[in-house]
Amino acid sequence: MKAKFLVPLFIFLLLAGFLGYGLKLNPREVPSPLIGKPAPTFRVPQLQVEDKTISPEDLKGRVWLLNVWASWCISCRYEHPVLVEFARTSPVPIVGLNYKEVRGDGALDVKGLDPVTELASARQRARQWLVEHGGDPYMVSAVDLDGRIGIDYGVYGVPETFLIDQQGVIRYKHIGPITRESLRDVLIPKIAELQRAS
Amino acid sequence: MLMRRVALVAALLLPVAGQAGEAVPVSDDPVLEERVMRLSHDLRCLVCQNQSIAESNAPLAVDLRNQVREQFLAGKDEAAVVDYLVARYGDFVLYLPPFKGATLLLWLGPGLLLVAGAGWLGWRLRRRVREVPPPLSAEEHARAAALLDGSAKPSQESRS
């Protein structure tokens, strides 16, 4: 009982430990329940080639990245140069998911816009943005006009990136802009691991 | 081969069907709206995490309310809609987390703390009853008597 005076100190250290750990957690990073599950399927128009569609089915048998982006997304501007650079040496295709290009832009009034006009407008805006921001790192971009594909993938903030394996299973989700560090330390090793597994 | 063609056509039509559904912004059925809002109050908006999707005006919250409405219109019940959202966003979308392994401490923690606190308090109280203070010496008796009848000033020692 001599060490009784140390009890408050221990309680303090315990609390400090918990709170310190809490500080390191990022509440914006919600773990995805889709890890280990088949990537939700879709088939939508491509961004660059007008008469073609794209579906995850088209990439079966390959490891690939699905990068959710939009021209109104500010963080995407920081991510974009990293992706353009990575695309030059990337061992896997980067597929873009252009998310709510027109509707997602709060500055636009899109009420009553018909799908054909919206698709044309999305293509025009997204292509121009790619040209202005250093090029197109995507093998192909899917156009998700109404954000439905985004919901199927549990997207809640752009940019987000999914790593999908040969069987079409989501293996990893990166939330927020990809940086050179996260590429080097996380994504590239994970890609290599998946490619070795095949 | 024919099956695959049919499947392909169906897949191609999917996005068209999706866009057609979106044209209904807010239904004018008050009963349905009431159901949508009631469920939406229990769902967390992932963009502004301290708001429910009923309260938030973040674009994602609007989209998710539309999803809830659409699924109700398609005949799904509350449990099915919740399952749909949990499959995409995880238990985090629920303001009322489910009772399972990972949430055991969350649900039982307060009860455990209460039981532990009450147990500790009971233990302390019982110990206090058992602790009888030692009897006063003759000298302490004399000082106490003097203090009680006012004939002695409290010493520095007794005041501190």
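Shown above is the structure to which this text applies.
First, a word on what this report is: a plain description of the structure on this page. (Residues numbered from 1 in each chain as written. Chains lettered and ligands numbered in written order. Predicted model: local features only at pLDDT ≥ 70, side-chain atom pairs only at ≥ 80, totals over all residues. Heavy atoms only, no water.)

## Looking at the interface of chain B and chain A
- Contacts between chain B and chain A engage 26 residues on the former and 23 residues on the latter.
- Summed over both sides, the interface of chain B with chain A buries roughly 2000 Å², with 52% coming from carbon and sulfur.
- For the interface between chain B and chain A, the tally reads three salt bridges.
- Linking D152 of chain A and R88 of chain B is a salt bridge whose minimum nitrogen-to-oxygen distance equals 2.9 Å.
- Counting across the interface, chain B meets chain A through four residue pairs in polar contact (both at pLDDT 80 or more).
- Elements represented by at least two residues in the side of chain B that touches chain A include exactly α1 (2-22), α3 (59-73), α4 (78-89) and α5 (104-130) of chain B.
- Looking at the side of chain B that touches chain A, the element that brings in the most residues is α1 of chain B, giving seven residues. (Contact = heavy atoms within 4.5 Å. Buried area = accessible area lost by both parts, 1.4 Å probe. Salt bridge = Lys/Arg side-chain N within 4 Å of Asp/Glu carboxyl O. Polar contact = N/O pair within 3.5 Å; in protein donor to acceptor, adjacent residues only side chain to side chain. Helix = DSSP H or I, 4+ residues; strand = E, 2+ residues; numbered from the N terminus.)

## Brief notes about the pairing of strand β3 (residues 64-69) of chain A
All names here are of chain A.
- Most of β3 sits out of view: six of its six residues are buried.
- The alternating pattern of β3 places W64, L66 and V68 on one face and L65, N67 and W69 on the opposite face, and all of these are buried.
- With five bridges joining them, β3 and strand β6 (residues 160-164) adopt antiparallel strand pairing. If you follow W64 over to β6, its bridge partner there is I164.
- With five bridges connecting them, β3 and strand β4 (residues 94-99) associate as parallel partners. Each bridged residue has a counterpart across the sheet, and for V68 the counterpart in β4 is L97.
- Chirality of the crossover, the property in question, places the unit of β3, helix α2 (residues 74-89) and β4 among those that are right-handed. (Buried < 20%, exposed > 50% of the residue type's maximum accessible area, 1.4 Å probe, protein only. Pairing = 2+ DSSP bridges. Right-handed = clockwise from strand over helix to strand, strands pointing away.)

## Observations regarding the side chain of E101 of chain A
All names here are of chain A.
- With respect to the helices and strands, the residue E101 is situated in the loop between β4 and α3 (115-132).
- Look at E101 and you get buried, because its relative accessible area is 0%.
- At 2.9 Å, the side chain of E101 and the side chain of N98 are in polar contact.
- Here R125 takes part through its side chain, which lies 3.1 Å from a polar atom of the side chain of E101.
- Here E101 is in contact with A70, S71, W72, A122, R125 and A126, once residues within four sequence places are set aside.

## Some remarks on the packing of helix α2 (residues 30-40) of chain B against α3 of chain B
Residues and elements named next belong to chain B.
- Axis separation between α2 and α3 bottoms out at 10 Å; the angle between their running directions is 130°. Taken together, α2 and α3 sit at an angle that is classed as oblique. In this structure, α2 meets α3 at a crossing whose hand is right-handed. For the pair α2 and α3, contact is made by L32, E33, R35, V36, M37, L39 and S40 and by R65, V68, R69, F72 and L73, respectively.
- The class makeup of the residues in the contact of α2 with α3 is seven nonpolar, one polar and four charged. (Axes fitted to C-alpha atoms, helices over the stretch in contact; angles between N-to-C directions. Parallel < 35°, antiparallel > 145°, perpendicular 65-115°, else oblique. Left-handed = near helix turned anticlockwise from the far one by under 90°. Nonpolar A, V, L, I, M, F, W, Y, C, P; charged D, E, K, R; others polar.)

## A look at the sheet that holds β4 of chain A
Residue and element names in this part refer to chain A.
- Spatially, five strands are ordered β5-β4-β3-β6-β7 in an open sheet, and the strand pairing comes out mixed. Looking at the sheet topology across the chains shown, the edges are occupied by β5 (140-144) and β7 (170-175). Here the average twist between neighbouring strands, direction ignored, is 20°.
- Alignment of β6 against β7, held across five bridges, turns out to be antiparallel. Looking at β7, one finds that E160 is bridged to I175.
- Strands in contact with helix α5 (residues 180-197) are β3, β6 and β7; relative to β7, the strand with the most contacts, it is inclined by about 170°.

## Points about the pattern of salt bridges
- Overall, the coordinates contain 19 salt bridges over all chains when judged by the stated rule.
- R127 of chain A is paired through a salt bridge with E50 of chain A; the nearest N and O atoms lie 2.8 Å apart. Pair noted here: R127 of chain A is in helix α3 and E50 of chain A is in the loop between β1 (44-45) and β2 (53-54), with a separation of 77 residues, a long-range link.
- Notably, a salt bridge pairs K100 of chain B with D91 of chain B, separated by 2.6 Å at the nearest N-O pair.
- With relative accessibility at 40%, the residue K100 of chain B sits in the partly exposed group.
- Three or more residues joined by partner-sharing salt bridges are found here, namely E50, R123 and R127 of chain A.

## Re the pairing of β6 of chain A
- With five of five residues buried, β6 of chain A lies mostly within the body of the structure.
- The two faces of β6 of chain A match: E160, F162 and I164 of chain A on one face and T161 and L163 of chain A on the other face are all buried.

## So, the packing of aromatic side chains
- The tally for this structure, following the rule as stated, stands at six aromatic pairs over all chains.
- Taken together, a centroid distance of 6.2 Å and an interplanar angle of 65° make the contact between F42 of chain A and Y153 of chain A edge-to-face. With a gap of 111 residues between them, F42 of chain A in the loop between α1 (7-24) and β1 and Y153 of chain A in the loop between α4 (148-152) and β6 connect regions that are remote in the sequence. Pair check on accessibility: F42 of chain A and Y153 of chain A agree, each one buried.
- Grouped by ring-pair contacts, the aromatic residues F42, Y153 and F162 of chain A constitute a single cluster.
- A cation over a ring is seen here: R35 of chain B above F72 of chain B, with NZ or CZ 4.0 Å from the ring centre.
- When the ring centre of Y84 of chain B is taken as origin, the NZ or CZ atom of R88 of chain B, which lies over that ring, is 3.8 Å away. (Phe/Tyr/Trp six-rings, centres within 6.5 Å; stacked < 30°, edge-to-face > 60°. Lys NZ or Arg CZ within 6 Å of the ring centre and 35° of its normal.)

Fair warning: the whole summary comes from geometry, so function is off the table for now.
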